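Below are the chains, spelled out letter by letter.
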Amino acid sequence: MTKIDSKIPEGPVAEKWTNYKAHQKLVNPANKRRLDIIVVGTGLAGASAAASLGEMGFRVFNFCIQDSPRRAHSIAAQGGINAAKNYQNDGDSVYRLFYDTIKGGDYRAREANVYRLAEVSNAIIDQCVAQGVPFARDYGGLFDNRSFGGAFVSRTFYARRQTGQQLLLGCFGALKPQIEKGKIKSGKPAEEKPAEEKPKRKRTGKTEAAGVKEAEETVNRKAKRSRKAKTAKA
Ligand SMILES: Cc1cc2nc3c(=O)[nH]c(=O)nc-3n(C[C@H](O)[C@H](O)[C@H](O)COP(=O)(O)OP(=O)(O)OC[C@H]3O[C@@H](n4cnc5c(N)ncnc54)[C@H](O)[C@@H]3O)c2cc1C
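Cut-offs used in this document
Residues numbered from 1 in each chain as written. Predicted model: local features only at pLDDT ≥ 70, side-chain atom pairs only at ≥ 80, totals over all residues. Helix = DSSP H or I, 4+ residues; strand = E, 2+ residues; numbered from the N terminus. Rg over C-alpha atoms; globule rule 2.2 N^0.38 Å. Buried ≥ 20, exposed ≤ 12 C-beta atoms within 10 Å, placed from the backbone. Contact = placed C-beta atoms within 7 Å. Pairing = 2+ DSSP bridges. Axes fitted to C-alpha atoms, helices over the stretch in contact; angles between N-to-C directions. Near = placed C-beta within 6 Å. Nonpolar A, V, L, I, M, F, W, Y, C, P; charged D, E, K, R; others polar. Parallel < 35°, antiparallel > 145°, perpendicular 65-115°, else oblique. Left-handed = near helix turned anticlockwise from the far one by under 90°.

Q: Could you give an account of the overall build of the protein chain, with specific residues and numbers?
A: For the protein chain, the helix and strand inventory stands at seven helices and five strands. N-terminal to C-terminal, the α/β element order of the protein chain is α-α-β-α-β-β-α-α-β-α-β-α. Relative to a compact globule of 234 residues, whose C-alpha radius of gyration would be 17 Å, the protein chain shows 29 Å and is clearly more extended. If you line up the protein chain on its principal axes, its C-alpha atoms span 100 × 45 × 45 Å. Looking at the protein chain as a whole, 24% of its 234 residues are labelled buried. Across the protein chain, contacts joining residues at least 24 apart in sequence account for 62% of those joining residues at least 6 apart.

Q: Break down the sheet that holds strand E5 (residues 184-187) for me, citing the residues and quoting the values.
A: In a beta sheet, neighbouring strands pair by backbone hydrogen bonds and run either parallel or antiparallel. In spatial order, the strands read E1-E2-E5; together these three strands make up an open sheet with parallel pairing. Strands at the two margins of the open sheet, each flanked by one partner only, are strand E1 (36-40) and E5. When the angles between neighbouring strand axes are averaged without regard to direction, this sheet yields 15°. With five bridges joining them, E1 and strand E2 (residues 59-63) adopt parallel strand pairing. Bridge assignment links Ile38 to a residue of E2, and that residue is Phe61.

Q: How would you sum up the site of the ligand? Please name residues and give values.
A: Near the ligand there are 21 residues, and of these Gly41, Gly43, Ser74, Ala77 and Gly79 occur at the shortest range. Sorting elements by how many residues they give to the shell around the ligand places helix H3 (residues 44-56) first, with three residues. Classifying every residue of the shell around the ligand by side-chain character gives 10 nonpolar, 11 polar and no charged.

Q: Hey, could you go over the packing of helix H4 (residues 94-104) against helix H5 (residues 111-130) for me, with residue numbers and the actual values?
A: It is at 9 Å that the axes of H4 and H5 come closest, and there the two elements cross at 135°. Our classification of the angle between H4 and H5 gives oblique. Like other packed secondary-structure pairs, H4 and H5 cross with a definite hand, here right-handed. Between H4 and H5, the contacting residues are Val94, Leu97, Phe98, Thr101 and Ile102 on the first element and Glu111, Val114, Tyr115, Leu117, Ala118, Glu119 and Ser121 on the second. The residue makeup of the contact of H4 with H5, split by class, is eight nonpolar, two polar and two charged.

Q: Describe the packing of H3 against helix H6 (residues 163-180), with residues and values.
A: At a closest axis distance of 9 Å, the pairing of H3 and H6 adopts a crossing angle of 30°. Taken together, the axes of H3 and H6 are roughly parallel relative to one another. The two elements H3 and H6 cross, and the hand of that crossing is left-handed. Together, Leu44, Ala47, Ser48, Ala50, Ala51, Gly54 and Glu55 of H3 and Leu167, Leu168, Cys171, Phe172, Ala174, Leu175 and Gln178 of H6 make up the contact between the two elements. Broken down by class, the residue content of the contact of H3 with H6 amounts to 10 nonpolar, three polar and one charged.

Q: Please provide a residue-by-residue account of unusual backbone geometry, values included.
A: A negative phi angle is the norm for most residues apart from glycine, just as the trans form is the norm for most peptide bonds. The residue Asn86 is not glycine, and still its phi comes out positive at about 55°. In this fold, Asn86 is placed in the loop between strand E3 (81-82) and H4. One non-glycine residue, Tyr107, lies in the positive phi region at around 60°. Tracing the backbone through its elements, the reader meets Tyr107 in the loop between H4 and H5.

Structure below.
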């Protein structure tokens, strides 16, 4: 049986990715433009990764099967995006966001990766704001948060009824300048092939187009014969 190796680093759950980041090999800035990176998809994950990597100087190939990177399924995320900023002072923390997310995922998610998500959640909100995402604000002008998805704290940042769309627009806004600068190549993996002729029918051995043509000829022949017969009678 194949065992999937998710390559999660060793160590206690709260330190795995932090330790890994501190010890991984760095890429010399001059070498970044020599490295090709392929990013598949232009949802929130793909588009934001491609935009960031492009801005960091790597050569990025970002495949998109939709007409525009703005049309990914991430548009469905209308409820909002969670972060452990604790703006509402209701006792939220990175650990609580981690725990709620694991519980919300029926304890099936990879714990180290969820912990990392909780850890960087605050930076993600800052990134979205920098990209121009218009999160809802209260009357004082500060970011509003709501309690969403059964959480006991208010940690959800939202843009009323269209968070996913606004997040995608923010990502696209970061992606487009990099595409225009030529740092990111974005598009479909390959040009669509022209439609091939359908295979021959089993019984007659003819192609569908040939069958249609023959049927048309038969109808024309019959019409011609009946016209001739009518003229002869007259
Ligand atoms: C109804 C609904 C509501 C949700 N609400 C929320 C919410 O309120 N808050 C929240 O945080 N999350 C919410 N989520 C979850 C959230 O939307 C997703 O977890 C998130 O958008 C996933 O982003 P993604 O970039 O990984 O995937 P996607 O947005 O699905 O992007 C995947 C991309 O990969 C492309 N792709 C796939 N295969 C290929 C291929 N072979 N070649 C090229 N491209 C390919 C796709 O076309 C697409 O562009 C919701 C999800 C759903 C379904």
